[in-house]
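Take a look at the letters that make up each chain.
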Amino acid sequence: MNENGYQSWLKKHPSALETFDEMIVRAKGKKIVVFLDYDGTLSNIVPNPDEAFMSKKMRRVVSEVARCFPTAIISGRSRDKVYGFVKLDDIYYAGSHGLDIAAPFQCQNRPVDKNGEEVVRFQPAQIYQPLIYKILDVLKEETNDIKGVMLENNKFCVSVHFRHVSDKDFPVLEEVVKSLVDDLGEFRLSEGKKVFEIRPDIEWDKGHALEYLLETLGYGSSNDVLPIYIGDDRTDEDAFKAIKKRGKGYSIVVSTSPKDTMASYSLRSPSDVKKFLSRLVTWKNNSDPS
Ligand SMILES: O=P(O)(O)OC[C@H]1O[C@H](O[C@H]2O[C@H](CO)[C@@H](O)[C@H](O)[C@H]2O)[C@H](O)[C@@H](O)[C@@H]1O
């Protein structure tokens with residue numbers, strides 16, 4: 001797609017930086033809640049999934065956002081892993097594509113057990129966890145001879161990375177993954193950026209997680225709430241759809257090239273995401289200095 005194609009796509013999904021002032025006028029008097037995807041949104045896409053670190057500047061701005069608005073990160077990664085990258089305590093985390101949700105560690109009403117340990121608020125796919133181990137075992141065995149495959153245990157989901165798999169070996173891997181999912185019957189397959197994502201086939205996705213979190217925050221049916229969701233990948237489309245269904249809120253896709261999306265706005269890169277979040281913080285601090 002050439003620059004002209006991108007410009008005409010931008011007309012349908014305007015830059016959230018270019019249109020920031022208009023967006024914010026409509027946000028006045030509303031309770032903003034910020035939802036962020038992790039990979040490709042807060043961190044750049046890198047060859048090794050274990051090295052998708054967030055920059056110090058990004059961490060600082062996300063921390064400022066969390067001081068201004070309720071903030072959640074909804075990721076395909078396991079919750080622990082995404083917390084390990086973000087390391088901020090005052091935000092909500094939803095790992096495994098929304099299948100593992102926990103409140104901020106500093107939340108006053110945070111439920112704790114008798115040992116003071118964090119109690120997870122919502123894990124709708126708990127019964128599937130033994131099967132996740134089985135999937136990992138089978139895949140380990142069956143992909144052993146395929147060079148470049150990386151398996152990632154995301155607690156309630158499994159990611160099968162094929163970024164480093166040759167074109168020649170890809171159909172073999174695809175067949176292994178598809179037949180495993182077909183045989184199991186209780187799981188579904190989605191495809192992200194050079195990754196197969198295997199997750200329980202239940203009616204729960206990033207969109208449901210967004211609704212659950214809004215409900216938890218007391219904004220379930222509020223007319224005053226304005227959710228902002230920023231994400232770059234296919235599973236983020238479920239959250240964009242949830243915002244569209246609400247009829248209120250801003251959905252922002254991160255992409256350098258035109259793509260089919262339900263998002264209303266766009267940003268080109270995690271660096272643009274940082275700029276957008278920073279402007280949001282500045283606007284909030286100037287409009288409400290207390
Ligand atoms: O929902 P997300 O937080 O966006 O997670 C989606 C997948 O992200 C990660 O994989 C992607 O990013 C890696 C690091 O940049 C990259 O190496 C990989 O090719 C991408 O697909 C994560 O590792 C997966 O488990 C998530 O499903």
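In every chain, residue numbers begin from 1 and rise along the written sequence. Only residues with pLDDT of at least 70 get local features here, since the model is predicted, and only at 80 or more are side-chain atom pairs given and counted; chain-wide, interface and lining totals rely on the full set of residues.

**Re the overall build of the protein**
Alright, step 1. Only DSSP runs of H or I covering at least 4 residues are called helices, and only runs of E covering at least 2 are called strands; the numbering of each starts at the N terminus. Helix and strand counts for the protein stand at 9 helices and 11 strands.
Alright, step 2. Throughout, radius of gyration means the C-alpha value; the globule benchmark is 2.2 Å times the number of residues raised to the power 0.38. Computed over its C-alpha atoms, the radius of gyration of the protein comes to 19 Å, within 12% of the 19 Å expected for a compact globule of 290 residues.
Alright, step 3. Any residue surrounded by 20 or more other C-beta atoms within 10 Å of its C-beta is treated as buried, while 12 or fewer makes it exposed and the intermediate range makes it partly exposed; C-beta atoms here are placed from the backbone. A buried classification covers 39% of the 290 residues belonging to the protein.
Alright, step 4. For the purpose of contact definition, each residue receives a C-beta atom placed from its backbone, and two residues are in contact when these atoms lie within 7 Å. Pairs at least 24 apart in sequence give 58% of the contacts found in the protein among residues at least 6 apart.

**Observations regarding the sheet that holds strand 8 (residues 195-200)**
Paired through backbone hydrogen bonds, the strands of a sheet run either parallel or antiparallel to each other.
Alright, step 1. Across the sheet, which stays open at both edges, the 4 strands sit in the order 5-6-8-7 with antiparallel pairing between neighbours. Sheet topology places strand 5 (150-153) and strand 7 (187-192) at the edges, where each strand pairs with a single neighbour. On average, adjacent strands in this sheet sit at an angle of 20° to one another, irrespective of strand direction.
Alright, step 2. In this description, a line fitted to the C-alpha atoms serves as the axis of each element, helices being fitted only across the stretch in contact, and the angle between N-to-C directions of two axes falls anywhere from 0 to 180 degrees. Its contacts with the sheet put helix 5 (residues 129-142) on strand 5, strand 6 (158-161) and strand 8, and the angle it makes with strand 5 is roughly 170°.
Alright, step 3. Contacts between helix 6 (residues 170-184) and the sheet are confined to strand 6, strand 7 and strand 8, with strand 7 contributing the most and set at about 150° to the helix. Whether two strands pair depends on DSSP finding at least two bridges between them.

**Let's talk about the domain arrangement of the protein**
Alright, step 1. Residue ranges for the domains originate in an automatic or database domain assignment. Segmentation of the protein into domains returns domain 1 (29-123 + 204-287) and domain 2 (126-200).
Alright, step 2. Placing a centre on the C-alpha atoms of domain 1 and another on those of domain 2 gives a separation of 26 Å.
Alright, step 3. Under the scheme applied here, ten amino acids are nonpolar (Ala, Val, Leu, Ile, Met, Phe, Trp, Tyr, Cys and Pro), four are charged (Asp, Glu, Lys and Arg), and all others, including Gly, are polar. Residues belonging to the side of domain 1 that touches domain 2 are distributed by class as follows: 4 nonpolar, 8 polar and 5 charged.

**Some thoughts on the nonpolar core**
Alright, step 1. With 52 residues, the main nonpolar core has Phe35, Ile73, Leu210, Tyr229 and Ile252 as its most contacted residues.
Alright, step 2. Nonpolar core, as used here: buried Ala, Val, Leu, Ile, Met, Phe, Trp, Tyr and Cys residues forming one set through C-beta atoms within 7 Å. Core analysis: the second largest hydrophobic core is formed by 19 residues, Val160, Leu173, Val177 and Phe196 among them.

**Structural notes on the site of the ligand**
Alright, step 1. What surrounds the ligand is a group of 24 residues, the closest being Asp39, Pro49, Ser75, Gly76 and Ser159.
Alright, step 2. Put simply, the parts of the chain that give the shell around the ligand at least two residues each are strand 6 and strand 8.
Alright, step 3. Among the residues forming the shell around the ligand, the class breakdown is 7 nonpolar, 8 polar and 9 charged.
Alright, step 4. Taken together, domain 1 (29-123 + 204-287) and domain 2 (126-200) each give at least three residues to the shell around the ligand, which thus spans both. In this text, near has one meaning. A residue is near a molecule or strand if its C-beta atom, placed using the backbone, is within 6 Å of it.

**With respect to the packing of helix 3 (residues 56-68) against helix 9 (residues 270-287)**
Alright, step 1. Two elements in contact, helix 3 and helix 9, have axes separated by 9 Å at closest approach and are oriented at 35°. In terms of crossing hand, the pair formed by helix 3 and helix 9 is left-handed. Residues Lys57, Met58, Val61, Val62, Glu64, Val65 and Cys68 of helix 3 touch helix 9, and the partners they reach there are Pro270, Lys274, Leu277, Ser278, Leu280, Val281 and Lys284.
Alright, step 2. Partitioned by chemical class, the residues of the contact of helix 3 with helix 9 number 9 nonpolar, 1 polar and 4 charged. Whether a crossing is left-handed or right-handed is set by the direction in which the near helix is turned from the far one by less than a right angle, anticlockwise for left-handed and clockwise for right-handed.

**Remarks on the pairing of strand 7**
Alright, step 1. Note: strand 7 against strand 8, 6 bridges, orientation antiparallel. Residue Leu189 lies in a different strand from strand 8, and its bridge partner there is Ile198.

**So, the sheet that holds strand 11 (residues 265-267)**
Alright, step 1. One open sheet holds the 7 strands; their spatial order is 4-3-2-1-9-10-11, and the pairing between them is mixed. Of all the strands in the sheet, the pair left with one neighbour each is strand 4 (100-102) and strand 11. Each strand axis lies, on average, 20° off the axis of its neighbour in the sheet, ignoring direction.
Alright, step 2. The pairing of strand 1 (residues 31-36) with strand 2 (residues 71-74) spans 3 bridges and is parallel. Residue pairing across strands places Val34 opposite Thr71, the latter belonging to strand 2.

**Some thoughts on helix 3**
Alright, step 1. Each helix should span, by expectation, one fewer than its residue count multiplied by 1.5 Å. Taking 1.5 Å of rise per residue, the 13 residues of helix 3 would be expected to cover 18 Å, and the 19 Å separating its terminal C-alpha atoms lies within 8% of that figure.
Alright, step 2. Summarising the contacts, the buried residues of helix 3 are in contact with strand 1, strand 2 and helix 9.

**Looking at the packing of helix 5 against helix 6**
Alright, step 1. Taken N-terminus to C-terminus, the directions of helix 5 and helix 6 make an angle of 145°; their axes are 11 Å apart at the nearest point. Pair helix 5 / helix 6 crosses with right-handed handedness. Every residue of helix 6 that contacts helix 5 at Leu131, Ile135, Val138, Leu139 and Glu142 is listed here: Val176, Leu180 and Leu184.
Alright, step 2. Grouping the constituent residues of the contact of helix 5 with helix 6 by class yields 7 nonpolar, no polar and 1 charged.

**Section: unusual backbone geometry**
Alright, step 1. The backbone phi angle of Ser96 is positive, close to 50°, even though this residue is not glycine.
Alright, step 2. Along the polypeptide, Ser96 turns up in the loop between strand 3 (92-95) and strand 4.
Alright, step 3. Its identity as a non-glycine residue notwithstanding, Lys194 has a phi of 55°, on the positive side.
Alright, step 4. If you trace the backbone, Lys194 turns up in the loop between strand 7 and strand 8.

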